[in-house]
Amino acid sequence: LRTNPRQKRAHETVSIAMEATAQLLERGDHGEVTTNHVAERAGFSVGTLYRYFSGKASIFEAMVTAEMARQEARIAADLADPGLDT
């Protein structure tokens, strides 16, 4: 991320951008997803998108990082569960 979101609204903007990207990816090839398409789908200007991301690749990277963190937290919670079958 170019700018580290600190306020709730900024976190929401980043989240909306990643969700818009995911929706566009579900519809077609990632090569056809552009920052302009993402901004349009998210409902804000491309300038807002570039405030947080340097480009399409950085959006993809942020999405992967967020998903890895989500999966890691889920695995950690599962491992901490005393009822987990081993």
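Everything numeric here is computed off the predicted structure, so don't read it as measured data.

So, how was this worked out
- Residues numbered from 1 in each chain as written.
- Predicted model: local features only at pLDDT ≥ 70, side-chain atom pairs only at ≥ 80, totals over all residues.
- Heavy atoms only, no water.
- Helix = DSSP H or I, 4+ residues; strand = E, 2+ residues; numbered from the N terminus.
- Rg over C-alpha atoms; globule rule 2.2 N^0.38 Å.
- Contact = heavy atoms within 4.5 Å.
- Areas by Shrake-Rupley, 256 points an atom, 1.4 Å probe, with all protein chains shown as cover.
- Buried < 20%, exposed > 50% of the residue type's maximum accessible area, 1.4 Å probe, protein only.
- Arc of directions from axis to C-beta.
- Core = buried A, V, L, I, M, F, W, Y, C linked by side-chain atoms within 4.5 Å.
- Expected span 1.5 Å × (residues − 1).
- Axes fitted to C-alpha atoms, helices over the stretch in contact; angles between N-to-C directions.
- Parallel < 35°, antiparallel > 145°, perpendicular 65-115°, else oblique.
- Left-handed = near helix turned anticlockwise from the far one by under 90°.
- Nonpolar A, V, L, I, M, F, W, Y, C, P; charged D, E, K, R; others polar.

Engineer: Just to check I follow, could you spell out the overall build of the protein chain for this structure?
Structural biologist: The helix and strand tally for the protein chain stands at four helices and zero strands. Ordering the α and β elements of the protein chain from the N terminus gives α-α-α-α. Relative to the compact-globule value of 12 Å for 86 residues, the protein chain shows a C-alpha radius of gyration of 16 Å, a clear excess of over 25%. Across its three principal axes, the protein chain shows a C-alpha extent of roughly 50 × 30 × 20 Å. Considering only contacts in the protein chain between residues 6 or more positions apart, those separated by 24 or more positions represent 55%. Counting only carbon and sulfur atoms, one obtains 50% of the accessible surface of the protein chain, whose full area is about 6200 Å².

Engineer: Looking at this model, I keep getting lost on helix H2 (residues 35-42). Mind explaining?
Structural biologist: Each turn of an α-helix holds 3.6 residues, which means side chains three or four residues apart point in the same direction. Buried residues of H2: Thr35, Val38, Ala39 and Ala42, and no others. One side of H2 carries all its buried residues, which in axial view fall inside an arc of 95°. Those residues of H2 that are buried lie in contact with helix H1 (8-27), helix H3 (46-52) and helix H4 (56-80). Gly43 lies just past H2 and shows a positive phi near 90°.

Engineer: For this particular structure, what's the right way to read the nonpolar core?
Structural biologist: Within soluble globular proteins, side chains that are nonpolar tend to cluster in buried spots. Met18, Val38, Leu49, Phe53 and Ile59 are the most contacted members of the largest nonpolar core, which totals 18 residues. Those elements giving two or more residues to this core turn out to be H1, H2, H3 and H4. A total of six residues in this core trace back to one element, the largest contributor, which is H1. Those residues in contact with Ile59 that lie beyond four places of it in its chain are Thr21, Val38, Leu49 and Phe53.

Engineer: Looking at this structure, I do not really get H4. What am I missing?
Structural biologist: With 25 residues, H4 extends 36 Å between its outermost C-alpha atoms, agreeing within 8% with the 36 Å of an ideal straight helix rising 1.5 Å per residue. The complete set of buried residues in H4 reads Ser58, Ile59, Phe60, Ala62 and Met63. Buried residues in H4 make contact with H1, H2 and H3.

Engineer: Honestly, the packing of H1 against H2 in this entry has me stumped. Any pointers?
Structural biologist: Packed helices, taken two at a time, are described by the angle their axes make and the gap between the axes. As a packed pair, H1 and H2 sit with axes 8 Å apart at the nearest point and diverge in direction by 110°. It follows from the interaxial angle that H1 and H2 lie roughly perpendicular. In the packing of H1 onto H2, the handedness of the crossing is right-handed. Between H1 and H2, the residues in contact are Ile16, Ala17, Ala20, Thr21, Gln23 and Leu24 and His37, Val38, Arg41 and Ala42, respectively.

Engineer: What is the right way to read the packing of H1 against H4 from this model?
Structural biologist: Here H1 crosses H4 at 100°, and the two axes come no closer than 10 Å. Here H1 is positioned roughly perpendicular relative to H4, judged by the angle of their axes. Residues Met18, Thr21, Ala22 and Leu25 of H1 form the contact with H4, whose participating residues are Ile59, Phe60, Ala62, Met63 and Ala66. Grouping the amino acids of the contact of H1 with H4 by side-chain chemistry returns eight nonpolar, one polar and no charged.

In short, shape yes, function no, at least from these values alone.
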